[in-house]
Amino acid sequence: MEKSPDAFRTISEAAEELDVPQHVLRFWETRFSQIKPMKRAGGRRYYRPSDIELLKGIRSLLYKEGYTIRGVQKILKDDGAAHVAGVGRGEIEPRKREGEMASAPPPGMAKAAPRVVKPGAQPVVAEPQLALSLQPAETGDGKVVTSLSESHADMLRAALRDLGDARKILDPALPR
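Conventions used here
Residues numbered from 1 in each chain as written. Predicted model: local features only at pLDDT ≥ 70, side-chain atom pairs only at ≥ 80, totals over all residues. Heavy atoms only, no water. Core = buried A, V, L, I, M, F, W, Y, C linked by side-chain atoms within 4.5 Å. Buried < 20%, exposed > 50% of the residue type's maximum accessible area, 1.4 Å probe, protein only. Helix = DSSP H or I, 4+ residues; strand = E, 2+ residues; numbered from the N terminus. Contact = heavy atoms within 4.5 Å. Phe/Tyr/Trp six-rings, centres within 6.5 Å; stacked < 30°, edge-to-face > 60°. 1 Å grid on protein atoms, 1.4 Å probe; cavity = no way out; pocket = protein on both sides within 12 Å on 5 of 7 lines; lining within 4 Å. Points joined across faces, edges and corners; volume = space filled by probe spheres on them. Nonpolar A, V, L, I, M, F, W, Y, C, P; charged D, E, K, R; others polar. Polar contact = N/O pair within 3.5 Å; in protein donor to acceptor, adjacent residues only side chain to side chain. Arc of directions from axis to C-beta. Pairing = 2+ DSSP bridges. Axes fitted to C-alpha atoms, helices over the stretch in contact; angles between N-to-C directions.

Colleague: Quick question: what am I supposed to make of the nonpolar core here?
Modeller: A general trend in soluble globular proteins is that nonpolar side chains are found buried together. In terms of nonpolar packing, the biggest core is built from 26 residues, with Leu 25, Trp 28, Phe 32, Ile 35, Tyr 47, Ile 58 and Val 72 touching the most fellow members. Among the elements of the structure, helix H1 (11–18), helix H2 (22–31), helix H3 (49–64), helix H4 (69–79) and helix H5 (81–89) are those that each provide at least two residues to this core. Sorting elements by how many residues they give to this core places H3 first, with seven residues. Excluding residues that lie within four positions of it along the chain, Trp 28 makes contacts with Val 20, Ile 35, Leu 55, Ile 58, Arg 59, Leu 62 and Tyr 63.

Written out as structure tokens, the structure is:
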């Protein structure tokens, strides 16, 4: 039996509808104060339809538009939750923020963090670039499969961007 569009959703139903793991929803609650599911005795979460719309907007900004968590927090602060929910419904075109997307690598590629080498120091050999290969593979029976779903690949791309940003911050502070 299908639930009404106005019905509250459990975390498992919300996660399935958004195609993200439940722990991602719990993590987002810690990063975005606007996400406030109703909690019953025992801590069980129930997401209202408005919560689901907001989550869809956050997911779209993070995974499709390539924003960082900090970038989405800024959009929520500047434009409000209704704006982000509109992005999730497809009613509002997300605007590109100055500087937010400038360092984003092309889809599927991690951008190398610049290496700072002090004069007279030995240069450090950079680690190989991490890339997500979503090339279809053909099985023996003619079926075409990929190893990752697009939503999981999007999550990995966002994680790679966040790690690249962290590297840029940490590299200058690390001893050589």
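Now that the structure is up, let's keep going.
Colleague: What is the right way to look at H5 in this model?
Modeller: Structural remark: α-helix, 3.6 residues per turn; residues separated by three or four positions point the same way. Every buried residue of H5 is listed here: His 83, Val 84, Ala 85, Gly 86 and Val 87. Summarising the contacts, the buried residues of H5 are in contact with H3 and H4. Remark: Gly 90 follows H5 within two positions and exhibits a positive phi of approximately 85°.

Colleague: Looking at this model, I keep getting lost on the packing of aromatic side chains. Mind explaining?
Modeller: Given two aromatic rings, one states the distance between the centres and the angle between the planes to describe the pair. Per the counting criterion, the structure on display carries one aromatic pair. Geometrically, the ring pair formed by Trp 28 and Tyr 63 is tilted, given 6.0 Å between the ring centres and 45° between the ring planes. With Trp 28 in helix H2 and Tyr 63 in helix H3, the pair connects residues that are 35 residues apart, well separated along the chain. Under the relative-accessibility criterion, Trp 28 is labelled buried at 2%. Accessibility expressed as a relative area gives 10% for Tyr 63, which makes it buried.

Colleague: Just to check I follow, could you spell out empty space enclosed by the protein for this structure?
Modeller: Empty space among the atoms becomes apparent when a probe as large as a water molecule is rolled across them. Inspection of the entire model under this criterion finds one cavity of 30 Å³ or more. Space inside the largest cavity adds up to approximately 40 Å³. Lining the largest cavity are Leu 61, Tyr 67, Ile 75, His 83, Val 87, Pro 94 and Arg 95. Of the residues assigned to the lining of the largest cavity, the class counts are five nonpolar, one polar and one charged.

Colleague: I would appreciate a short explanation of the side chain of Arg 9 in the present structure.
Modeller: Relative to the helices and strands, Arg 9 resides in strand E1 (residues 9–10). A polar side-chain atom of Arg 9 sits 3.3 Å from the main-chain carbonyl oxygen of Ala 7. Contacts of Arg 9, omitting those with residues within four sequence positions, involve Lys 3, Ser 4, Ala 14, Glu 17, Arg 45, Tyr 46, Tyr 47 and Ile 52.

Colleague: For this particular structure, what's the right way to read H4?
Modeller: Buried within H4 are the following residues: Ile 69, Gly 71, Val 72, Ile 75 and Leu 76. Buried residues of H4 fall within an arc of 160° about the axis and therefore sit on the same side. Of the exposed residues in H4, those oriented more than 90 degrees away from the buried face are Arg 70 and Lys 77. In this structure, the buried side of H4 is in contact with H2, H3 and H5.

Colleague: What exactly am I supposed to notice about the sheet that holds E1 here?
Modeller: As a general point, the strands of a sheet are linked pairwise by backbone hydrogen bonds and lie either parallel or antiparallel. Taken together, three strands build an open sheet; the order of strands is E1-E3-E2 and the sheet is antiparallel. In the strand order of this sheet, the two ends are held by E1 and strand E2 (38–39), each with one partner. With two bridges joining them, E2 and strand E3 (residues 45–47) adopt antiparallel strand pairing. Across the sheet, residue Met 38 finds its bridge partner in E3, namely Tyr 46. Contacts from H3 reach E1 and E3, with the element oriented near 80° to E3.

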